[in-house]
Structure formats: C-alpha cells, structure tokens
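# Architecture at a glance
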Amino acid sequence: MKNILLTAIIAFFTINIVSAKAKIPVCIPCETIQPIQELPIDSEIQKLAGQKVNLSYINNEYGILWMSIWNTNGRYVLSDISNNTYFEIDTQAAKILKEKHSFDVETANDPLSFWKKIGGKLVFSIIIVLLIWGVIPSKNKTTDVKQINI
C-alpha cells in the first residue's frame, strides 16, 4: 500500500514538473544600461545631478536566449548607482566630462563587447543555418548488396 501511495505522489509531482511550460527569453527591444566609469563623489557632475551618478552606456537590445542579435540607439548617459534611472548628458555635463574626466561623449566609441556586437549574430546565424540544413531531406543512396551463401 505504501509503495502505491509513494508511486502516486511521485507521478503527480513529475507530471506537474513536466507540464510546466518552458519560456524562451526574448527581448524585443530591451533597454540595457551598462556602467562605464564611476565618477568621483566630489565631481561637478554629481552636484549638477543632485545625487551620485556614473557614466553609463544605454542601448536598445534585440535578443533571444540571452544572445544579443541587434543593438540600436546607443548613447552615453548618467545613471544612478542602481542603474534603474538615467539622465541625458546635456552640453554642460559633456563639457565637464571632457575637461575634468578626459572623456569626450561625442567622439567616444560604443563600449559593447564582441559578444553583444557580433558574437550573438554569428551564433544565431549558425543555428538558423543548421536548422535549415536539418530540414532539407538528404538523398538516400541505396546500394546493391550481393547475397553470399555460406
């Protein structure tokens, strides 16, 4: 009796676990903020913002399965410590960043890593090619086999 009850409980929990639907993480578009440089507390930019801010890079990211497929609208901003809110860099803040912190917002390149720029596109392309190649039927070549009597 105990074995039947134990088997029923295990079967019930197994069915519940298996029936849970898997969710594929898709990001169309997700706004991502990456901190670039921590600014000193006594900086004039901290006084302009009224709180502790960092220099960050924000962009819209299109991705699937934690792979960045495409990035758009990248720009430098000032973000708070938790990276939840950001402030656009005005001309006065850009001037302070250039003079005091030797960082020119207008001529700086985007700081995205290889994985976010190109790597996700390569992996995604390879997966698509493999899926298409797997769908294309292969030609089965039949060969004649001679029967040998022993």
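For the structure itself, consult the block above.
Residues numbered from 1 in each chain as written. Predicted model: local features only at pLDDT ≥ 70, side-chain atom pairs only at ≥ 80, totals over all residues. Heavy atoms only, no water.

### Quick word on helix α4 (residues 114-135)
Taking 1.5 Å per residue, 22 residues should reach 32 Å; α4 reaches 30 Å between its end C-alpha atoms and fits that length. Its maximal kink placed at Gly-120, α4 deviates by approximately 30°. (Helix = DSSP H or I, 4+ residues; strand = E, 2+ residues; numbered from the N terminus. Expected span 1.5 Å × (residues − 1). Bend = angle between axes of the 7 residues up to and from the residue.)

### Remarks on the sheet that holds strand β3 (residues 67-80)
Read from one edge to the other, the open sheet built from 4 strands follows the order β1-β2-β3-β4, with strand pairing classed as antiparallel. Of all the strands in the sheet, the pair left with one neighbour each is β1 (26-38) and β4 (86-88). Pairs of neighbouring strands in the sheet enclose a mean axial angle of 40°, with direction left out of account. Relative to strand β2 (residues 53-64), β1 runs antiparallel, the two being bridged by 10 bridges. Its bridge partner being in β2, Thr-32 is matched across the sheet by Asn-59. Packing of α4 onto the sheet brings it into contact with β1, β2 and β3, and relative to β3 it is tilted by some 160°. (Pairing = 2+ DSSP bridges. Axes fitted to C-alpha atoms, helices over the stretch in contact; angles between N-to-C directions. Contact = heavy atoms within 4.5 Å.)

### A word on a nonpolar patch on the surface
A grouping of Trp-115, Val-123, Phe-124, Ile-127, Ile-128, Leu-131, Ile-132 and Ile-136 is seen on the molecular surface, where their side chains present a nonpolar patch of about 680 Å² in accessible area. Along the chain, Ile-136 turns up in the segment after α4. Ile-136 gets classed as exposed once you look at its relative accessible area, which sits at 52%. (Patch = residues over 30% accessible without salt bridge, like charges linked within 9 Å, V, L, I, M, F, W, Y side chains within 5 Å. Areas by Shrake-Rupley, 256 points an atom, 1.4 Å probe, with all protein chains shown as cover. Salt bridge = Lys/Arg side-chain N within 4 Å of Asp/Glu carboxyl O. Buried < 20%, exposed > 50% of the residue type's maximum accessible area, 1.4 Å probe, protein only.)

### So, the state of the cysteines
Throughout the structure, instances matching the rule amount to 1 disulfide. Shown here is the disulfide that connects Cys-27 with Cys-30, its sulfur atoms set 1.7 Å apart. Given a relative accessible area of 28%, Cys-30 falls into the partly exposed group. (Disulfide = S-S within 2.5 Å.)

### A short note on the packing of aromatic side chains
In this description, a pair of aromatic rings is defined by centroid distance and the angle of the planes. Inspection of the entire model under this criterion finds 2 aromatic pairs. Plain terms: the ring middles of Tyr-76 and Phe-103 are 5.1 Å apart, the flat faces sit at 75° to each other, and that makes the pair edge-to-face. Placement of Tyr-76 in strand β3 and of Phe-103 in the loop between α3 (91-100) and α4 is noted, with a sequence separation of 27 residues between them. For Tyr-76, a relative accessible area of 9% corresponds to the buried category. (Phe/Tyr/Trp six-rings, centres within 6.5 Å; stacked < 30°, edge-to-face > 60°.)

### Here's the deal with unusual backbone geometry
Residues other than glycine seldom take positive phi values, yet Asn-73 does so here, at roughly 55°. Assignment of secondary structure puts Asn-73 in strand β3. The class of Asn-73 is exposed, set by a relative accessible area of 51%.

### Some remarks on the nonpolar core
Residues Ile-45, Leu-55, Tyr-76, Leu-78, Ile-89 and Leu-97 are the most contacted members of the largest nonpolar core, which totals 15 residues. Elements with a contribution of two residues or more to this core: β2, β3 and α3. Take this core: its biggest share by element is 4 residues, from α3. Each residue touching Leu-55, except ones within four places of it in the same chain, is listed here: Pro-35, Ile-36, Gln-37, Leu-39, Tyr-76, Val-77, Leu-78, Ile-89, Leu-97 and Phe-103. (Core = buried A, V, L, I, M, F, W, Y, C linked by side-chain atoms within 4.5 Å.)

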